[in-house]
Amino acid sequence: MAEVLVYVDHVDGAVRKPTLELLTLARRVGEPVAVALGAGAADTAAALAEHGAVKVLTHDAAEYADYLVVPKVDALQAAVAAVSPAAVLIPSSAEGKEIAARLALRIGSGIITDAVDLEASDEGPVATQSVFAASFTTKSRVSKGTPVITVKPNSAAVEAAPAAGAVEALDVTFSAQATGTKVTGRTPRESTGRPELTEAAIVVSGGRGVNGAENFALIESLADSLGAAVGASRAAVDAGWYPHTNQVGQTGKSVSPQLYIASGISGAIQHRAGMQTSKTIVAINKDAEAPIFDLVDYGVVGDLFDVVPQLTEEIKVRKG
Amino acid sequence: MSLRIVVTVKYVPDATGDRHFADDLTVDRDDVDGLLSELDEYAVEQALQIAEDADDAEITVLTVGPEDAKDALRKALSMGADKAIHVEDDDLHGTDAIGTSLVLAKAIEKAGYDLVISGMASTDGTMGVVPALLAERLGVPQVTLLSEVSVEDGVVKGRRDGDAASEQLEASLPAVVSVTDQSGEARYPSFKGIMAAKKKPVQSWDLSDLDLEAEEVGLEGAWTAVDSAAARPARTAGTIVKDEGEGGKQLAEFLAGQKFI
Ligand SMILES: Cc1cc2nc3c(=O)[nH]c(=O)nc-3n(C[C@H](O)[C@H](O)[C@H](O)COP(=O)(O)OP(=O)(O)OC[C@H]3O[C@@H](n4cnc5c(N)ncnc54)[C@H](O)[C@@H]3O)c2cc1C
Ligand SMILES: Cc1cc2nc3c(=O)[nH]c(=O)nc-3n(C[C@H](O)[C@H](O)[C@H](O)COP(=O)(O)OP(=O)(O)OC[C@H]3O[C@@H](n4cnc5c(N)ncnc54)[C@H](O)[C@@H]3O)c2cc1C
């Protein structure tokens, strides 16, 4: 069976969930061979093996942290040369897409970004994309070279599928371009203790209707009662009420949780672009005409300052 | 010496219109109004600010697109860019990201540049890959997804807000930069700007001007293929209740029924 390269997104050896989802999709197309780079690369092996990686190619060097994108492209190119895979799968983060693009160009292959599903076919992997703010679903293929495909978080279930996960050192020679863009400083994001927005099963978002940074405490309490991540519309972010890292939509994060709760959000096309593929959608808005109600499974027309606290209370009561 | 800035701008169908696909599964550009991608306005804005801070700078806006894409160039010129290049050729219809980056890179090289500034992503394809592809093709540093950018003494610096961390980046010119919608509101064209734009030069280039062959671009030359496009089925209409004092409890009841509580 042909091998499929899976690029591993990890933090100091802790594998992030979208990579485990990629392994599920990779197994449909071939035998997953993972590529883990940077500090802690070898520590990823156990989790990757547990989810189906037959091999884990690792390499660590200071360049991965000190320079932008290109060192990782060099490493993946080396992995492609070593393995001759049937496809290369990469998580659809901003950086993942940039790595994928440069890799595709170098190896003479087409690229598909933001796939939400992947199936095998006689003509290679077929990717499903959700486009035009999720109003259309397309099926596409890479028609030249080794398909390079980036996949959005929450596109597949994480499945246990124990495999060998043999660690092998990857031989990497950095290109002249590798050191072109220096990372001169790095401020890690502070952890909020809440689930990662793109990975969360439940997302609770607030918009302009929340009317002030201090009122976001209401949204946070609701989120915490459900073990959810907190999101925000661009209007709320632009007003300075909530950090941009929590923005949901076209120029923020794209989320696809089991449940999305929108409070005080009108449902503009650019917001929908980031949440329309959520399984169950709930909205609280005082305007019965707000477009967000076109999307909902359940909607409450009312003042969020009444509805949200009552909902939070009721959830706490029911959960005991 | 003059700082030569090339801003890549895309002409896209209006996101608030009824966007859809034509029979050949390319974007139908006939039925929906087009405009300069809003996210490329941020690129034009940063170019204008960088030019204002430089002793001497010249901003060229560049688009690859159909006849009407001239509207996008006019808008950028009316914001204050100096001149424009329109790459237009019937054979470009259906070009994918790899092909688009080839045409853009050829045009950028022909125009001459010290700094390329792109948007973070287009509002139609939304891939967010063209700037990285341009850096790869041009063989210059990629300094992308910046929320803050400055150029001084031949060095570009900026802040990139990533998922895990916020990073400070630095590279020597020539370089390719892309900016996010956090980089600062784009200015509106002034009346004077709109009038002045009418007199600014717009050059038209076709594939032969860039030494490119038809087979290298377009649907035929694409390295990707779209097999099908289907409208997403409308979501089934949900239950909507008016809060009469029990709205929060009713919602909790719904969530419990769906096993979320
Ligand atoms: C290129 C581009 C990219 C964009 N990217 C994004 C993006 O990534 N994410 C995004 O969200 N937007 C994005 N936008 C902006 C988008 O167009 C909207 O402006 C934005 O989503 C509006 O946010 P909102 O729904 O919070 O505010 P509004 O549209 O002002 O809606 C506020 C809603 O709150 C309701 N409300 C007010 N008070 C209460 C109350 N007390 N109780 C209940 N309801 C109340 C109102 O009825 C209203 O429906 C983008 C725009 C452009 C042009
Ligand atoms: C819904 C949809 C899905 C698509 N999926 C794929 C796919 O999976 N693979 C693929 O190869 N192609 C795909 N395409 C085609 C691709 O969008 C175009 O080839 C496009 O020109 C480049 O990608 P982008 O618009 O996503 O650009 P992005 O990479 O998002 O654009 C970033 C920046 O590059 C510059 N730029 C991009 N295009 C132009 C242009 N024509 N002229 C000037 N500057 C430009 C702008 O500064 C822009 O802000 C898709 C198109 C659509 C409409």
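In the nomenclature of an unreviewed UniProt entry, chain B is known as Electron transfer flavoprotein subunit beta of Streptomyces ossamyceticus. Database annotation for chain B, UniProt heading Function (unreviewed entry): "The electron transfer flavoprotein serves as a specific electron acceptor for other dehydrogenases. It transfers the electrons to the main respiratory chain via ETF-ubiquinone oxidoreductase (ETF dehydrogenase)."

Colleague: Looking at this model, I keep getting lost on unusual backbone geometry. Mind explaining?
Modeller: A cis geometry characterises the amide bond from leucine 173 of chain B onward to proline 174 of chain B, with omega recorded as -5 degrees. Tracing the backbone shows proline 174 of chain B in the loop between strand E9 (165-172) and strand E10 (175-179). Positive phi is not limited to glycine here, since alanine 134 of chain A has a value of about 65 degrees. Tracing the backbone through its elements, the reader meets alanine 134 of chain A in the loop between strand E8 (126-131) and strand E9 (136-142). Here the phi dihedral of aspartate 211 of chain B falls at roughly 55 degrees; this positive angle occurs in a residue that is not glycine. Checked against the element boundaries, aspartate 211 of chain B lands in the loop between strand E11 (202-205) and helix H6 (218-221). The class for aspartate 211 of chain B is exposed, based on a relative accessible area of 64%.

Colleague: Even after reading the chapter, I still don't get the site of ligand 1, so can you show me in this structure?
Modeller: Taken together, 27 residues lie around ligand 1, and Arg208, Ser233, Ser266, Gln270 and Asn285 of chain A are the ones closest in. Take asparagine 285 of chain A: an N or O atom from its side chain is 2.8 Å from an oxygen atom of ligand 1. The backbone of leucine 304 of chain A places a nitrogen or oxygen atom 2.9 Å from a nitrogen atom of ligand 1. Taken by itself ligand 1 offers 990 Å² of open surface, and the protein chains cover 83% of this. Placement of ligand 1 is best described as lying within the second largest pocket. Of all the secondary structure elements, the ones that give two or more residues to the shell around ligand 1 are helix H7 (234-238), helix H8 (269-272) and helix H9 (304-319) of chain A together with helix H1 (38-53) of chain B. Considering only residue class, the shell around ligand 1 consists of seven nonpolar, 14 polar and six charged.

Colleague: Honestly, the sheet that holds strand E7 (residues 111-119) of chain A in this entry has me stumped. Any pointers?
Modeller: Strand pairing in a sheet is mediated by backbone hydrogen bonds. Such pairs are either parallel or antiparallel. Ordered by their spatial adjacency, 10 strands build an open sheet running E11(A)-E5(A)-E4(A)-E1(A)-E6(A)-E10(A)-E7(A)-E8(A)-E9(A)-E12(B), and the pairing between neighbours is mixed. Edge strands, defined here as strands with exactly one partner in the open sheet, are strand E11 (166-169) of chain A together with strand E12 (224-231) of chain B. For this sheet, the mean inter-axis angle between neighbouring strands, taken without regard to orientation, is 35 degrees. Across five bridges, the pairing between strand E1 (residues 3-7) of chain A and strand E4 (residues 31-37) of chain A is parallel. Within E4 of chain A, the position partnered with valine 6 of chain A by the bridge is alanine 34 of chain A.

Colleague: What am I meant to see in the pattern of salt bridges here?
Modeller: Here the idea is simple: oppositely charged side chains can pair when their charged atoms come close. Residue and element names in this part refer to chain A. Per the counting criterion, the structure on display carries 34 salt bridges over all chains. Between arginine 141 and glutamate 123 there is a salt bridge; the shortest N-O distance is 3.9 Å. Placement of arginine 141 in strand E9 and of glutamate 123 in the loop between E7 and E8 is noted, with a sequence separation of 18 residues between them. For arginine 141, a relative accessible area of 12% gives the class buried.

Colleague: What exactly am I supposed to notice about the sheet that holds strand E8 (residues 155-161) of chain B here?
Modeller: Taken in spatial order, the 10 strands line up as E12(A)-E9(B)-E8(B)-E7(B)-E10(B)-E6(B)-E1(B)-E4(B)-E5(B)-E11(B) in an open sheet, and their pairing is mixed. In this open sheet, the two strands that pair with only one neighbour each are strand E12 (182-188) of chain A together with E11 of chain B. The sheet shows a mean angle of 30 degrees between the axes of neighbouring strands, taken without regard to direction. Across five bridges, strand E6 (residues 115-119) of chain B lies against E10 of chain B in parallel orientation. If you follow serine 118 of chain B over to E10 of chain B, its bridge partner there is serine 178 of chain B. The strands that helix H3 (residues 97-111) of chain B touches are strand E1 (3-8), strand E4 (57-64), strand E5 (83-87), E6 and E11 of chain B; relative to E4 of chain B, the one it contacts most, it runs at about 150 degrees.

Colleague: Please explain the site of ligand 2 as it appears in this structure.
Modeller: Lining the immediate surroundings of ligand 2 are 31 residues, of which Thr8, Lys10, Asp40, Ser122 and Val129 of chain B lie closest. Chains contributing residues to the immediate surroundings of ligand 2 are chains A and B. Between ligand 2 and aspartate 96 of chain B there is a distance of 3.2 Å, counted from an oxygen atom to a backbone nitrogen or oxygen. In this structure, valine 129 of chain B approaches ligand 2 through a main-chain N or O atom, which is 2.8 Å from an oxygen atom. Within the complex, 92% of the 920 Å² of free accessible area of ligand 2 lies under protein.

Colleague: Even after reading the chapter, I still don't get empty space enclosed by the protein, so can you show me in this structure?
Modeller: Left-over empty space is what a probe sized like a water molecule reveals as it rolls over the atoms. Per the stated rule, a full pass over the model turns up one cavity of 30 Å³ or more. Computed from the structure, the largest cavity encloses a volume of approximately 40 Å³. Leu68, Val70, Arg102, Gln177, Gly180 and Thr181 of chain A together with Val140, Pro141 and Gln142 of chain B together form the lining of the largest cavity. Across the lining of the largest cavity, the residue classes tally to four nonpolar, four polar and one charged.

Analysis parameters
- Residues numbered from 1 in each chain as written.
- Chains lettered and ligands numbered in written order.
- Predicted model: local features only at pLDDT ≥ 70, side-chain atom pairs only at ≥ 80, totals over all residues.
- Heavy atoms only, no water.
- UniProt positions renumbered as here; feature names shortened; annotations may be inferred.
- Helix = DSSP H or I, 4+ residues; strand = E, 2+ residues; numbered from the N terminus.
- Buried < 20%, exposed > 50% of the residue type's maximum accessible area, 1.4 Å probe, protein only.
- Near = heavy atom within 4 Å.
- Polar contact = N/O pair within 3.5 Å; in protein donor to acceptor, adjacent residues only side chain to side chain.
- Areas by Shrake-Rupley, 256 points an atom, 1.4 Å probe, with all protein chains shown as cover.
- 1 Å grid on protein atoms, 1.4 Å probe; cavity = no way out; pocket = protein on both sides within 12 Å on 5 of 7 lines; lining within 4 Å.
- Sits in = over half its atoms within 2 Å of the grid points.
- Nonpolar A, V, L, I, M, F, W, Y, C, P; charged D, E, K, R; others polar.
- Pairing = 2+ DSSP bridges.
- Axes fitted to C-alpha atoms, helices over the stretch in contact; angles between N-to-C directions.
- Salt bridge = Lys/Arg side-chain N within 4 Å of Asp/Glu carboxyl O.
- Contact = heavy atoms within 4.5 Å.
- Points joined across faces, edges and corners; volume = space filled by probe spheres on them.

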